[in-house]
Amino acid sequence: MPRPASGPWDVTTLLLDFAIITYAVPPEALARHLPPDFEPDMFVLEDGRRVAFISAVPFRDEEFRFGFAPFFRARMGQTNYRAYVRYRGERAVWFFGTSLDSFWVGVPRSLWKLPWHPARMRFQTRWSGEGGPCEHYRLDTQGTWGRAELELVGTQTPMGCLDGFRDEEDTAVVLTHPLRGFYTRRDGRPGTYSVWHERLRLHRAHVHAARFQVFEELGLTTPESVPHSALVQRSTEFIIFLPPRPL
């Protein structure tokens, strides 16, 4: 879609060191964590297994700014934890929550009841030249919610068609371009918000280590779980349309 106009409360941010770490999980395990009207989006892998997908999406916000205050720009680390679902038959994502390395985390928690949690995040990344692959990517996250460890190395191989998808376009639409998200607010009510971004140009990565407390405590992964895929992109711009609203 063409870039939409954004309003005074909408956020524009440049995402650096953007990654999508995806796991294939049993659909019935994911279904236990979804409210009524939501169901896992199911896929068939090459080995014949029917699975659902969940992803951890870490990145660094750079030039995070609201429309009403374009000259105030913040930097922070962030990781979103999401599942790929269907809401009344339509594809969407379900957010389990978000880790944010900023004292500003109290604003979305209090003002909009978003399931965002404070954390300390340390990124160590190195990219090869202008437009080159990711040579080193390490993330350590500490906190009472959302502890994580990630280490990977990028490649020059574009995302292409990943296991479980029909083709490259299907992979992109489902895995990298969900534009509407849902979640459980901190007051227990369901909520929703939407985003916009240009088509992502992701490349595959080799994972050396990956553990995410959120998924392990939900019983969706174990410390020994191997990701289905890992994708990285050096930077991309997002627009988040705010405020979010109750569903």
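Predicted model, so just to flag it, every value in this text is computed and none were measured.

Calculation notes
Residues numbered from 1 in each chain as written. Predicted model: local features only at pLDDT ≥ 70, side-chain atom pairs only at ≥ 80, totals over all residues. Heavy atoms only, no water. Salt bridge = Lys/Arg side-chain N within 4 Å of Asp/Glu carboxyl O. Buried < 20%, exposed > 50% of the residue type's maximum accessible area, 1.4 Å probe, protein only. 1 Å grid on protein atoms, 1.4 Å probe; cavity = no way out; pocket = protein on both sides within 12 Å on 5 of 7 lines; lining within 4 Å. Points joined across faces, edges and corners; volume = space filled by probe spheres on them. Helix = DSSP H or I, 4+ residues; strand = E, 2+ residues; numbered from the N terminus. Nonpolar A, V, L, I, M, F, W, Y, C, P; charged D, E, K, R; others polar.

Engineer: Would you take a moment to explain the pattern of salt bridges for this structure?
Structural biologist: Any two side chains of opposite charge can pair, on the condition that their charged atoms come close. Evaluation of the coordinates by the stated rule reveals 20 salt bridges. With a closest N to O distance of 2.9 Å, Asp 47 and Arg 49 form a salt bridge. A relative accessible area of 52% places Asp 47 in the exposed class. The class for Arg 49 is partly exposed, based on a relative accessible area of 45%. In this structure, Asp 140 and Arg 138 form a salt bridge, with 3.1 Å as the shortest nitrogen-oxygen distance. The exposure class of Asp 140 is partly exposed, given its relative accessible area of 23%.

Engineer: How do you make sense of empty space enclosed by the protein when you look at a structure like this?
Structural biologist: Gaps left between atoms show up when a probe the size of a water molecule is rolled over them. Scanning the entire structure with this criterion turns up one cavity of 30 Å³ or more. When its volume is computed, the largest cavity comes out at roughly 30 Å³. Forming the boundary of the largest cavity are Phe 95, Gly 97, Thr 98, Pro 115, Trp 116, Tyr 183 and Tyr 193. Ranked by residues supplied to the lining of the largest cavity, first place goes to strand β6 (residues 90-101) with three residues. Its residues assigned to classes, the lining of the largest cavity comprises five nonpolar, two polar and no charged.

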